[in-house]
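Residue-level structure breakdown
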Amino acid sequence: MSDFVLDPRLERDSTLLMKLGLCQLRLIEDSRWPWVLLVPQRSGISEIFDMTPLDQTMLTFETAIAAKAVKQATSCLKINIGALGNQVRQFHLHIIARDEGDPAWPGPVWGHGQASPWSRDARSDFTERLLEAL
């Protein structure tokens, strides 16, 4: 893990909440959706199949606990999970809370409008509920 370096765009667009066993759990800087990332702390990974079978298993476990925590923290209708990587090659997994009537519903969140920064209170409230749910 010592040679792991976070992609500059992921670092710019998100904030580290905590380190899990394999991944960094990061909050996306867009308050329109409760949206977190899991970034495996491994260098040179751009696809899930680049990971060892053990890391793939750990990623699955961490995805499930993070997604469940987002659902519990938000009481959202649906959790979207996706790994695209078209703009940022470093493997990362998006976990997004979705509700009917959210700014992009029922379409995808990618490329929809402009990001809206979190207020300090909203960020603090969501983060506290999320970390408590973990």
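Keep in mind that this is a model prediction, so the values were computed, not measured.

Turning our attention to a nonpolar patch on the surface. Where nonpolar side chains cluster on the molecular surface, the patch consists of Met58, Phe61, Ile65, Leu131 and Leu134 and spans about 390 Å² of accessible area. It is helix α2 (residues 53-74) that provides the largest number of residues to the nonpolar patch, a total of three residues. Secondary-structure assignment places Leu134 in the segment after α3 (120-133).

Reading across from one edge, β1-β2-β3-β5-β4 is the order of the five strands in this open sheet, with antiparallel pairing throughout. Two strands in the sheet have a free side with no partner beyond their single neighbour: β1 (14-19) and β4 (78-82). If you compare each strand with its neighbour and ignore which way they point, the axes differ by 25° on average. Alignment of β1 against strand β2 (residues 23-28), held across five bridges, turns out to be antiparallel. Residue Ser14 lies in a different strand from β2, and its bridge partner there is Ile28. Of the strands in this sheet, β2, β3 (35-40), β4 and β5 (93-98) touch α2, which is tilted by about 20° from β5.

In the structure shown here, the tally under the stated rule is three aromatic pairs. Taking 6.1 Å as the distance between ring centres and 75° as the angle between the ring planes, the aromatic pair formed by Trp33 and Trp35 counts as edge-to-face. Like Trp35, Trp33 is buried. Relative to Trp110, the ring of Trp35 lies with its centre 6.0 Å away and its plane at 80°, an arrangement referred to as edge-to-face. Of the two residues, Trp35 is situated in strand β3 and Trp110 in the loop between β5 and α3; the sequence distance between them amounts to 75 residues. We classify Trp110 as partly exposed; its relative accessible area is 36%. Three or more aromatic residues link up through ring pairs in this structure, and these residues are Trp33, Trp35 and Trp110.

It is worth spelling out α3 at this point. With 14 residues, α3 extends 20 Å from end C-alpha to end C-alpha; this agrees with the ideal 20 Å at 1.5 Å per step. Those residues of α3 lying buried are Phe126, Thr127 and Leu130. One side of α3 carries all its buried residues, which in axial view fall inside an arc of 100°. Projecting away from the buried face of α3 at angles above 90 degrees are the exposed residues Arg120, Asp121, Glu128 and Glu132. Buried residues in α3 make contact with β1, β2, β3 and α2.

Attention shifts here to the nonpolar core. If you look at the biggest cluster of nonpolar residues, it comprises 25 residues, and the most contacted ones within it are Leu25, Val36, Leu38, Ile95 and Leu130. For this core, the secondary-structure elements that each account for two or more residues are β2, β3, α2, β5 and α3. Counting 12 residues, the second-largest nonpolar core is a separate cluster that includes Ile28, Leu37, Val39 and Val109.

Procedures and definitions
- Residues numbered from 1 in each chain as written.
- Predicted model: local features only at pLDDT ≥ 70, side-chain atom pairs only at ≥ 80, totals over all residues.
- Heavy atoms only, no water.
- Patch = residues over 30% accessible without salt bridge, like charges linked within 9 Å, V, L, I, M, F, W, Y side chains within 5 Å.
- Areas by Shrake-Rupley, 256 points an atom, 1.4 Å probe, with all protein chains shown as cover.
- Salt bridge = Lys/Arg side-chain N within 4 Å of Asp/Glu carboxyl O.
- Helix = DSSP H or I, 4+ residues; strand = E, 2+ residues; numbered from the N terminus.
- Pairing = 2+ DSSP bridges.
- Axes fitted to C-alpha atoms, helices over the stretch in contact; angles between N-to-C directions.
- Contact = heavy atoms within 4.5 Å.
- Phe/Tyr/Trp six-rings, centres within 6.5 Å; stacked < 30°, edge-to-face > 60°.
- Buried < 20%, exposed > 50% of the residue type's maximum accessible area, 1.4 Å probe, protein only.
- Expected span 1.5 Å × (residues − 1).
- Arc of directions from axis to C-beta.
- Core = buried A, V, L, I, M, F, W, Y, C linked by side-chain atoms within 4.5 Å.

Limitation: the analysis is restricted to geometry and does not speak to function.
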